[in-house]
Amino acid sequence: MSIYQFLLQKYNNNEPYADVNLPDHSDMSLGEGEVWTPGAYEGVVLRDNYGIKQHVLVNYKVARIIRKQIEDPSEKNSLKAYQAIRKYSAISISDPVISILLTRYKPDTSLMREEALRMATESDKREIVKFGIALLGYCAKEEDITVLKVLGRHEEFSLYCAGALHLLMPGPAGNENLIYLSENLSGWGKIAVAYEIDYTDENARYYTVAHGCENTIGLSYLANVCATKGKMTDVMQAMLDGTEVFGKYTKEQMFRGICTIFTGLLENHKTNDDMSNYKHAKKSARLFKELLEKYPALTDTDERAEKILDDLRYFLM
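To keep things clear, this report deals only with the structure shown in the data block.

What counts and what doesn't
Residues numbered from 1 in each chain as written. Predicted model: local features only at pLDDT ≥ 70, side-chain atom pairs only at ≥ 80, totals over all residues. Heavy atoms only, no water. Salt bridge = Lys/Arg side-chain N within 4 Å of Asp/Glu carboxyl O. Helix = DSSP H or I, 4+ residues; strand = E, 2+ residues; numbered from the N terminus. Buried < 20%, exposed > 50% of the residue type's maximum accessible area, 1.4 Å probe, protein only. Polar contact = N/O pair within 3.5 Å; in protein donor to acceptor, adjacent residues only side chain to side chain.

Next up on the list: the pattern of salt bridges. Scanning the model with the defined rule gives 18 salt bridges in all. The partner of Asp27 in a salt bridge is Lys125, with the nearest N and O atoms 2.6 Å apart. Taken together, the residues span a long stretch of sequence, with Asp27 in the loop between helix H1 (3-12) and helix H2 (40-45) and Lys125 in the loop between helix H6 (109-122) and helix H7 (126-136) at a distance of 98 residues. On the basis of relative accessible area, Lys125 is assigned to the partly exposed category, the value being 22%. Between Glu127 and Lys130 there is a salt bridge, with the nearest N and O atoms lying 3.2 Å from each other. In this pair, Glu127 and Lys130 are both assigned in helix H7, three residues apart and thus about one turn of the helix distant. For Glu127, a relative accessible area of 15% gives the class buried. Beyond isolated ion pairs, a larger network of salt bridges with shared partners links Asp24, Glu42, Arg126, Glu127, Lys130 and Glu156.

Listed below in structure tokens is the structure:
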């Protein structure tokens, strides 16, 4: 069974499957005590200085092999293409190889889409699926959104699907699909999706403040993004002014989201952003204090509120 068919069954049954083991799980080489965390490989290497990029000659070689499969699909050509992708991993070759395909070889878009869909929906190997999703981002049709939503609801593929959706439907038009993914994720995939949302859309900002920071990897991974892109200070000012209209979210939901963001900013993670990296740190601290003074009942809606206020004392000086 292909990975896509495996996940499609769960999608159609409305099952949560963000971190379920995939059909190729037995291929993984885990050391003693190691646990697979979906999306962690991409999430970690993209934030570190690991040398994941391949030599330019390798990228050209892989691009030529994949071009041949696109233009002349066959069992022989697909075997060579898929072996090349799995040898180097999708994250290390997707961007440069696809760039070479598009700029140098310029394959027929419809043929490229056919191969991208083959990779994404017919393979039982995750690296092939990942590359197929990345390729699909440059040739997909709107009817392919369901494929991206099915795969994107699994943390292992969210990074690639979010990027493809962003290319397919840039701007606020694509936010509905990205927020759909975010609402069904909680780990590295949710972190990846946050960077593709178009925050010029106020409804996207409301979601981001209310629920965008919630994740199981670490609140500090998204706290500054959500505070800044979600315009958290504007939300707090609107609450103080009594002019708040936050789409489908209540004042209490927004307040809990604000507490979550502050909790992340106050984690003092050794590598992630904290309050000192947040542009509006002092203003946000002042607004949070004023909110609690004006609406003391809000403290009862989130047990973290008083501790947050105490931890913000340096920024209230």
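So, about the environment of Glu115. Here Glu115 lies in helix H6. A distance of 2.8 Å separates a polar atom in the side chain of Glu115 from a polar atom in the side chain of Tyr82.

With that out of the way, let us pick up unusual backbone geometry. For Asn14, which is not glycine, the phi torsion reads 55° and is therefore positive. Mapping Asn14 onto the fold places it in the loop between H1 and H2. The backbone of Lys231 sits at a positive phi, close to 55°, despite the residue not being glycine. Note on placement: Lys231 falls in the loop between helix H13 (223-229) and helix H14 (232-241). You can call Lys231 partly exposed: its relative accessible area is 41%.

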